[in-house]
Amino acid sequence: MASPDPLISYVDGFRHGTVAAVDWAEDVSFHGPLLPAPIEGRSAVIAFLERIVTSIETVELRRVSRADDGGCLELAFRFAGVAEATDEVHALRVRDGRIEQVTLYYDPRPLL
């Protein structure tokens, strides 16, 4: 069952390492600057993100911009072993209370 606020469910998934509990659509797609192609499907997105969340030390939610079909989250991630926080914008599209698309915008150079 979808939560009342899938955007906050998404942030909590990163904060608590519980990305499997996020309100994903079965056909979700995940896009990012370091990905050669989008990651497609709920199980593939969860498997990918479960590897990443283990290296996240903190997540700061800086801004939420909402739209009828989702919204944008401005987040600051601090990854283990990376000196600077990574400022990111996550654009989420939501359908029927579930996240169907995520597109990340950030400068990947600190992570390389």
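Everything numeric in this text was worked out from a predicted model, so none of it was measured. (Residues numbered from 1 in each chain as written. Predicted model: local features only at pLDDT ≥ 70, side-chain atom pairs only at ≥ 80, totals over all residues. Heavy atoms only, no water.)

## Remarks on the pairing of strand β1 (residues 24–31)
No. 1: As paired elements, β1 and strand β6 (residues 98–105) share four bridges and run parallel to each other. Bridge pairing in β6 places H31 opposite T103.
No. 2: One ladder, built from two bridges, connects β1 with strand β2 (residues 39–40); its direction is antiparallel. The residue of β2 that forms the bridge with S29 is E40. (Pairing = 2+ DSSP bridges. Helix = DSSP H or I, 4+ residues; strand = E, 2+ residues; numbered from the N terminus.)

## Some thoughts on the side chain of E100
No. 1: The topology assignment puts E100 in strand β6.
No. 2: For E100, the side chain forms a polar contact with the side chain of R93, separated by 2.8 Å.
No. 3: Once residues within four sequence positions are removed from consideration, E100 is found in contact with A25, D27, V28, S29, R93, V94 and R95. (Polar contact = N/O pair within 3.5 Å; in protein donor to acceptor, adjacent residues only side chain to side chain. Contact = heavy atoms within 4.5 Å.)

The values are spatial; any link to function lies outside them.
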